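Structural overview for review
In case you want the letters, here they are:
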Amino acid sequence: MTAPRPLPLEDVTLRRVPVNGVTLNVALAGSGPAVLLLHGFPHTWELWRVVMADLADRYTLIAPDLRGLGASDKPASGYDAGTLAEDAEALLAALGVTSAAVVGIDAGTPPAFLLALRRPALVRRLVVMESLLGRLPGAEDFLAGGPPWWFGFHAVPGLAETVLEGHEAAYIDWFLTEGTLGEGVPAWARDAFVRAYTGRESLRAAFAHYRALPESAARIAEAVTTTRLTVPALALGAHPVGGALEHQLRGCADDLTGDLVGGSGHIIPLHRPEALLGRLRGFLAG
């Protein structure tokens, strides 16, 4: 079976875009209605290259490196989901986009959710996958044994970067193997991710996202007390999150579809891109 092909880099325009006090590295491709793609850990915008190859003939694809990750700025603060949502909103404004579908995975899911919750006139459709939304009800079964081990390791200031400096490739490889049920990701993606997370400053900024999780959870909890998610939303699960994200959204979303991507590990856009695209094509066109 031929592996799905990524969008060639020559078909991508990379821009440095100042937004919300930082400068983001942003990949742009395609033409048509805008779709904003928000990656997670340990990824960069290149997580989406296979998805982008399929969608570029119908959509303008906007794939930033999140604050602190990849080639984007690595400030001292601002890693909570609320600020990341402000980054995304400012990015769309800087690009002149007044309506966009937003797709988020892992660390990109909470800011995607908050952006859609806060700005329903801006976000026409929302796709979120393989993440939790703070402490919202619905994820109790998933969290029964506690959060995944690395959440605590990454949360201790200064610890993970001290332990891992010089061993980044082995650490990133573990996540890429686990996130694809042992199959691994293509070499071009693995090499891009290892480069992006090598060096103490890159590690520090990556783990800052985990250290901001309590603030992110507080922002989400506060937001849903006064506002419901009204835009059409699609929640996708795989291994290990499964249906937990959908269950969380059931309590605050008016128009929600949930689905599981069978046979997929956490890194759905690289592990089972065709299955993901089969769901995205219909939902984004709706």
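Scroll up to find the structure.
Below is a short write-up of the structure. (Residues numbered from 1 in each chain as written. Predicted model: local features only at pLDDT ≥ 70, side-chain atom pairs only at ≥ 80, totals over all residues. Heavy atoms only, no water.)

1. Thoughts on the side chain of Thr180
- With respect to the helices, strands and loops of the structure, Thr180 is situated in the loop between helix H6 (168–178) and helix H7 (187–196).
- With near-sequence residues (within four places) excluded, Thr180 lies in contact with Val185, Gly265, Ile267 and His271. (Helix = DSSP H or I, 4+ residues; strand = E, 2+ residues; numbered from the N terminus. Contact = heavy atoms within 4.5 Å.)

2. Let's talk about the sheet that holds strand S5 (residues 100–105)
- The strand order S1-S2-S4-S3-S5-S6-S7-S8 describes an open sheet built from 8 strands, whose pairing is mixed. Every other strand in the sheet has two partners, leaving strand S1 (13–19) and strand S8 (256–260) as the edge strands with one partner each. For this sheet, the mean angle separating the axes of adjacent strands, direction not counted, is 20°.
- Here 5 bridges tie strand S3 (residues 34–38) to S5, and the two strands are oriented parallel to one another. The residue bridging Ala34 from the neighbouring strand is Ala100, located in S5.
- Strands in contact with helix H2 (residues 81–94) are S1, strand S2 (22–30), S3, strand S4 (60–64) and S5; relative to S1, the strand with the most contacts, it is inclined by about 115°.
- Packed on one face of the sheet, helix H12 (residues 273–285) meets S3, S5, strand S6 (123–129), strand S7 (233–237) and S8 and runs near 160° to S6. (Pairing = 2+ DSSP bridges. Axes fitted to C-alpha atoms, helices over the stretch in contact; angles between N-to-C directions.)

3. Some points on the packing of H2 against helix H3 (residues 109–118)
- H3 packs onto H2 with a crossing angle of 65° between their chain directions and a minimal axis gap of 8 Å. One element, H2, and the other, H3, form an angle in the roughly perpendicular class. When the axes of H2 and H3 are compared, the crossing they make is right-handed. Contacts between H2 and H3 involve Ala81, Gly82, Leu84, Ala85, Glu86, Ala88, Glu89 and Leu92 from the former and Pro110, Pro111, Leu114, Leu115 and Arg118 from the latter. (Parallel < 35°, antiparallel > 145°, perpendicular 65-115°, else oblique. Left-handed = near helix turned anticlockwise from the far one by under 90°.)

4. Remarks on the packing of aromatic side chains
- By the definition in use, this model includes 16 aromatic pairs.
- Arranged with centres 5.3 Å apart and planes meeting at 80°, the rings of Phe41 and Phe175 form a pair that is edge-to-face. Residue Phe41 is located in the loop between S3 and helix H1 (49–55), and its partner Phe175 is located in helix H6; the two are separated by 134 residues in the primary sequence. With respect to burial, Phe41 and Phe175 carry one shared label: buried.
- Consider the rings of Phe41 and Tyr210, whose centres lie 5.6 Å apart with planes at 90°: the pair is edge-to-face. (Phe/Tyr/Trp six-rings, centres within 6.5 Å; stacked < 30°, edge-to-face > 60°. Buried < 20%, exposed > 50% of the residue type's maximum accessible area, 1.4 Å probe, protein only.)

5. Considering the pairing of S8
- Note: S7 against S8, 5 bridges, orientation parallel. By the bridge assignment for S8, Leu234 is matched with Thr257.

6. Here we look at H6
- Inspection of H6 places Glu168, Tyr171, Ile172, Phe175 and Leu176 among the buried residues, and these make up the whole buried set. End-on, the buried residues of H6 take up no more than an arc of 135°, which puts them together on one face. (Arc of directions from axis to C-beta.)

7. Focus: the side chain of Asp87
- Considering the arrangement of structural elements, one finds Asp87 in helix H2.
- For Asp87, a relative accessible area of 3% corresponds to the buried category.
- A distance of 2.8 Å separates the side chain of Asp87 from the side chain of Arg67, its partner in a polar contact.
- The residues touching Asp87, leaving out its near neighbours within four places in the chain, are Val19, Asn20, Val22, Leu24 and Arg67. (Polar contact = N/O pair within 3.5 Å; in protein donor to acceptor, adjacent residues only side chain to side chain.)

8. Some words on the environment of Ala71
- Along the chain, the position of Ala71 falls in the loop between S4 and H2.
- The spatial distance from the C-alpha of Ala71 to the C-alpha of Val26 is 8.8 Å, given a sequence separation of 45 residues.

9. Structural notes on unusual backbone geometry
- In this structure, Pro42 follows Phe41 across a cis peptide bond, with omega equal to -5°.
- Residue position: Pro42 is located in the loop between S3 and H1.

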